[in-house]
Structures are given as C-alpha cells and as structure tokens.
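So you can see what is in the structure, the chains are spelled out below.
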Amino acid sequence: MRILLTNDDGIHAEGLAALERIARTLSDDVWIVAPETDQSGLAHSLSLSEPLRLRQVADKHFALRGTPTDCVIMGIKQVMDIKPDLVLSGVNSGSNVADDVTYSGTIAGAIEGTMQGVRSFALSQAYTYSDGARIVPWEVAEVHAPALLDRLMKVDLPEGTFLNLNFPNCRPDEVQGAEVTAQGKLAFNLQVDARSDGRGLPYYWLKFGERAGAFTEGTDIHALKHNKISVTPLKLDLTDYSVKDRVVRALSGTE
C-alpha cells in the first residue's frame, strides 16, 4: 500500500512525525508532502496567485510553500509516479470537531485526497494547556491509530466520503474505545484583538474566546469529552436536500 501524508502544521511538526510512525505500521511505502510553514485555519484553499516552491528534505519527504490542498495535489500530480492508495492528513495539534471542520487545513488535506479519488482520513489529537503551553498527548494517536486505521481501511466508503478521526486528551490506557459520531455544534466566540504597531498604526489579531458546545450524545465533541476516539464520516456534497424542495416551491410560486 502506498500512503501520502500531509498536514497543516508544517513539515517540521511533531504531529507529522507521529503520523509517519503510524503510517509505517501499515506500509513501508510512505511519502510526505507537507507545507513549508504553518497553514492552520486555511481550510480548502488553493495557491493561485503565487508559484508553488517544492523542496526535497529527505527521501520521499517534500516541503511545499503552499497550503495542505496544494500539497495533496502536488503529491499526487507531480511528486509521486503512481497515485497513492491512501491519504492521511495530520496528526493535527488540537481536535477538529464540530464547526472546526470548516476552517481546518487538516480536514482540507483529506477533502482534496477524496476529490482526487483516493481514500482519505484526517487525524487530530486533542490537548490541554499547562502554564501557558500546549500539552499534546501524541502517544494516544500513536497507540490507537494503527489498529483503528487497519479496520477502517476495510470499510466500503462511497465516492465523495472521507473519515475524520479525533483522539481524546487523556492517557492511552484511559481511552474508552472508538465511537462513530456525527458532527457536533460549537459556538466559536471569535474575537478581534485590536493593537497598534510601533508607528501607532492599527493591526488586528483574531482570537478565540471561551467556546461553548452542545455536548449532545452521539456527536464528536461528546465522544472526546468522554475519552472516546471520534470517527465521523464526512462528505463533499454540501447540498441540503431537506430544504431543496422548499426552495423549488418558492421559486415556482407554489410556496
């Protein structure tokens, strides 16, 4: 099996190194095309106004000055001579659940792999803060992902569907199994932090305030809260079929 890895935290991210170790439990034919720098929060974006600069950093390891989407495209279309059998994106520093999936570059890597016709999984690891620093228990994903991926590889996924895996913030022996979940709902409470530079000119940082979620049973955020691995099937088709007929009636004047 040939596997292509990418992420949004960058080529030197600890989570990417963890993902490579995970991937090598499944195959020895592992390729990496990852962003040169952190591309978190860029979602499924393409670099159309700037050239893509590719740099080989080791055997089958490439850094790209571009987004996670660019990386998957370059990996499949340019770097690899044969299309991979699997695309793995991650392991992200931080969970990608609920509304986070719309912003996530990690999810975007799996989206692009799916669009290229390759089975794709996104992997993310929840963490906590201690004394202002992230404490990321990478060992949770490393211990549990290999067997989980081996089982999920056997699932017959329909065209346009990929899997979003999130690992809880706990010790590996505290994981309470895996749960197939739905995408939850999370209130972001995004805030604008206004500042001034050395010349007194304004600039701004977006930052997260306190985030509240509806921890409904069966959702990804509920699973993580209860130390379960969340496996969420996501699909590319964003059509809201429940509303489609209503819009048809409104446009035809029968509503």
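Worth saying up front: this structure is predicted, and the values here are computed from it rather than measured.

### Remarks on the side chain of Asp 99
Move 1: Note that Asp 99 resides in the loop between β5 (86–93) and α3 (105–115).
Move 2: A distance of 3.2 Å separates polar atoms of two side chains, one belonging to Asp 99 and the other to Lys 185.
Move 3: A polar contact is formed between the side chain of Asp 99 and the backbone nitrogen of Leu 186, at a distance of 2.7 Å.

### Remarks on the UniProt feature "domain: Survival protein SurE-like phosphatase/nucleotidase" (unreviewed entry) in the chain
Move 1: Here the UniProt-annotated "domain: Survival protein SurE-like phosphatase/nucleotidase" (unreviewed entry) positions come out as residues 3–186.
Move 2: This span, residues 3–186, is 26% helix and 29% strand, and a straight line between its end C-alpha atoms measures 32 Å.

### Overview of the environment of Ser 45
Move 1: Along the polypeptide, Ser 45 turns up in the loop between β2 (29–35) and β3 (54–58).
Move 2: Sequence separation of Ser 45 and Thr 69 is 24 residues, and the distance between their C-alpha atoms is 6.3 Å.

### Points about the packing of helix α1 (residues 14–23) against helix α4 (residues 138–152)
Packed helix pairs are specified by the crossing angle of their axes together with the interaxial distance, meaning the distance between the axes.
Move 1: Look at α1 against α4: their axes get within 9 Å of each other, and the N-to-C directions meet at 35°. The hand of the α1/α4 crossing is right-handed. The segment α1 lies against α4, with Glu 14, Gly 15, Ala 18, Arg 21 and Ile 22 engaging Trp 138, Ala 141, Glu 142, Ala 145, Pro 146 and Leu 149.
Move 2: Of the residues contributing to the contact of α1 with α4, the split by class is seven nonpolar, one polar and three charged.

What counts, and at which threshold
- Residues numbered from 1 in each chain as written.
- Predicted model: local features only at pLDDT ≥ 70, side-chain atom pairs only at ≥ 80, totals over all residues.
- Heavy atoms only, no water.
- Helix = DSSP H or I, 4+ residues; strand = E, 2+ residues; numbered from the N terminus.
- Polar contact = N/O pair within 3.5 Å; in protein donor to acceptor, adjacent residues only side chain to side chain.
- UniProt positions renumbered as here; feature names shortened; annotations may be inferred.
- Axes fitted to C-alpha atoms, helices over the stretch in contact; angles between N-to-C directions.
- Left-handed = near helix turned anticlockwise from the far one by under 90°.
- Contact = heavy atoms within 4.5 Å.
- Nonpolar A, V, L, I, M, F, W, Y, C, P; charged D, E, K, R; others polar.

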